[in-house]
Amino acid sequence: MLEDGLSYPIRGDWIGRIVIGGILGLLSVLVIPAFLIVGYLVRVLERTIGGDEVPPEFTDWGELLTKGVIGTIITLAYTVIPVVVYAVVVGVVSGTGGAVGGDVGALVGVVGLLLALAFIPVLFLIYYAVPAALSAYAARGELSAAFDPELLKPALLSTEYLVAVLMPIVVAVVMWIATALLAVTVVGLLLVPFVQFYGQVAVFRMFGSAFATVNDRVEGDTRASNDVGTTL
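None of the values given here were measured: they were computed from a predicted structure. Counting restarts for each chain: residues are numbered from 1 in the order of the written sequence. Since the coordinates come from a predicted model, pLDDT governs what is reported: local features require at least 70, and pairs of side-chain atoms require 80 or more to be given and counted, while whole-chain, interface and lining totals use all residues. To obtain the side-chain values, all non-hydrogen atoms of the structure were used and water was disregarded.

**As for the pattern of salt bridges**
Close approach of charged atoms allows side chains with opposite charge to pair. We count a salt bridge whenever a side-chain nitrogen from Lys or Arg sits within 4 Å of a carboxyl oxygen from Asp or Glu. Following the criterion strictly, the structure yields eight salt bridges and no others. In this structure, Glu63 engages Arg43 in a salt bridge whose closest nitrogen and oxygen atoms are separated by 3.0 Å. Within this pair, whereas Glu63 is found in helix 4 (residues 61-100), its partner Arg43 is found in helix 3 (residues 32-50), the two being separated by 20 residues in sequence. Between Asp148 and Arg140 there is a salt bridge, with the nearest N and O atoms lying 3.0 Å from each other. Beyond isolated ion pairs, a larger network of salt bridges with shared partners links Asp4, Arg11, Glu53 and Arg205. The numbering of helices and of strands both runs from the N terminus, where a helix is a DSSP run of H or I of at least 4 residues and a strand a run of E of at least 2.

Set out below in structure tokens:
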């Protein structure tokens, strides 16, 4: 999976794609280029799930922008809502500890501290869920698919998807090292968005491959069960 992901961005006529992606990265502070990058990454998921082995081109910019906006909405929904709920729970518990006082208040305060430390697992759960949600959207082309438990559950509970989520951490570390080295010079700093775009495409290839593998297996099992039922 790692080898496939890392080789994926440079298949076909890759130079033009990396250049465009890097330029959009440089201009991402203008917001719309950032949406276009997200749209392209969603398209990578679409093509990967569809079985294509070569990255998509930067075409149909209006469609890319639309997919990018929807992909961003999905990401925010999976990120903001859990964080807000978590912050409210921690705030209530901490406030209760301060209001009660004494030994009980101290105990509640400890619970609040433990909840605060639990923020790291919450972030990991967000990181774990978002790629599956984007893959579900890419697979069906519908916003509602990103929140469909029946579609998401097979991927989220699969070993393939877990590996696909952990592998990008390796890629992220490599990209971070490369970025740190490039940032030493002005010329190198300008190359950072191009390296980051390459890493993003590689990572989303891994997500899409895992999602496709799991769904193909589930669909195969479903067809087999239906065939058995029909035979009986």
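**A closer look at a nonpolar patch on the surface**
The residues that make up patches have over 30% relative accessible area and no salt bridge, and they are joined within 9 Å when like-charged or within 5 Å when they are Val, Leu, Ile, Met, Phe, Trp or Tyr. Residue-level accessible areas treat just the shown protein chains as cover; the underlying method is Shrake-Rupley with a 1.4 Å probe. On the surface, Ile10, Trp14, Ile15, Val19, Ile23, Leu26, Leu27, Val29, Leu30 and Leu190 cluster together into a nonpolar patch covering about 910 Å² of accessible area. The element that contributes the greatest number of residues to the nonpolar patch is helix 2 (residues 14-26), accounting for five residues. By the secondary structure assignment, Ile15 is in helix 2.

**Some details on the side chain of Arg17**
Looking at the secondary structure, you find Arg17 in helix 2. The criterion used for residue contact is that any of the two residues' heavy atoms lie within 4.5 Å. Once residues lying within four places of it in the same chain are set aside, the contact partners of Arg17 are Pro9, Arg11, Gly12, Tyr40, Val54, Pro55, Pro56, Glu57, Phe58 and Phe197.

**Focus on the environment of Val195**
Relative to the helices and strands, Val195 is located in helix 9 (residues 186-231). Linking Val195 and Ile18, residues 177 residues apart in sequence, is a C-alpha distance of 8.4 Å. Sequence-distant contacts of Val195, that is, excluding residues within four places in its chain, are made with Met175, Ala178 and Leu182.

**Here's the deal with the nonpolar core**
With 45 residues, the main nonpolar core has Tyr40, Ile74, Tyr78, Val201, Phe204 and Phe207 as its most contacted residues. When residues of this core are traced back to their parent elements, those giving at least two are helix 2, helix 3, helix 4, helix 6 (119-140), helix 7 (149-156), helix 8 (159-182) and helix 9. Per element, the largest residue contribution to this core is eleven residues, and it comes from helix 6. Leave out the neighbours within four places in its chain, and Phe207 touches Leu45, Tyr127, Pro131, Ser135, Ala164, Val165 and Pro168. Among buried residues, those of type Ala, Val, Leu, Ile, Met, Phe, Trp, Tyr and Cys that are joined through side-chain atoms within 4.5 Å constitute a nonpolar core. The classification of residues rests on relative accessible area computed with a 1.4 Å probe and restricted to protein chains. Under 20% of the type maximum is buried, over 50% is exposed, and intermediate values are partly exposed.

**A closer look at the packing of aromatic side chains**
Each aromatic pair joins two rings of Phe, Tyr and Trp (for Trp, the six-membered one) with centres within 6.5 Å, and gets the label stacked for planes under 30 degrees apart, edge-to-face for over 60, and tilted for any other angle. Taken as a whole and judged by the stated rule, the model has nine aromatic pairs. When the centroid spacing of 5.5 Å and the interplanar angle of 45° are considered together, the rings of Tyr40 and Phe197 count as tilted. One end of the pair, Tyr40, is in helix 3; the other, Phe197, is in helix 9, and 157 residues separate them in sequence. Taking relative accessible area as the criterion, Tyr40 reaches 1% and is therefore assigned buried. According to the relative accessible area criterion, Phe197 is buried, its value standing at 2%. Between Phe204 and Phe207, the aromatic rings sit 5.7 Å apart at their centres with planes inclined by 75°, giving edge-to-face as the arrangement. One end of the pair, Phe204, and the other, Phe207, are both in helix 9, three residues apart, so they sit about a helical turn from each other. Overall, Phe204 belongs to the buried group, its relative accessible area being 16%. Given a relative accessible area of 3%, Phe207 falls into the buried group.

**Topic: the packing of helix 2 against helix 3**
Orientation is described by axes fitted as lines to C-alpha atoms, over the contacting stretch for helices, and by angles from 0 to 180 degrees between their N-to-C directions. Where helix 2 meets helix 3, the closest approach of the two axes is 8 Å, and the angle between their N-to-C directions is 140°. In this view, helix 2 runs oblique relative to helix 3, as classed from their interaxial angle. Of the residues in helix 3, those touching helix 2 at Arg17, Gly21, Leu24 and Gly25 are Pro33, Leu36, Ile37 and Tyr40. Taken together, the residues that form the contact of helix 2 with helix 3 break down as five nonpolar, two polar and one charged. What sets the label is the angle itself: under 35 degrees gives roughly parallel, over 145 gives roughly antiparallel, 65 to 115 gives roughly perpendicular, and the rest give oblique. Asp, Glu, Lys and Arg are counted as charged, while Ala, Val, Leu, Ile, Met, Phe, Trp, Tyr, Cys and Pro are counted as nonpolar; the rest, among them Gly, fall into the polar class.

By themselves, these figures tell us nothing about what the structure is for.
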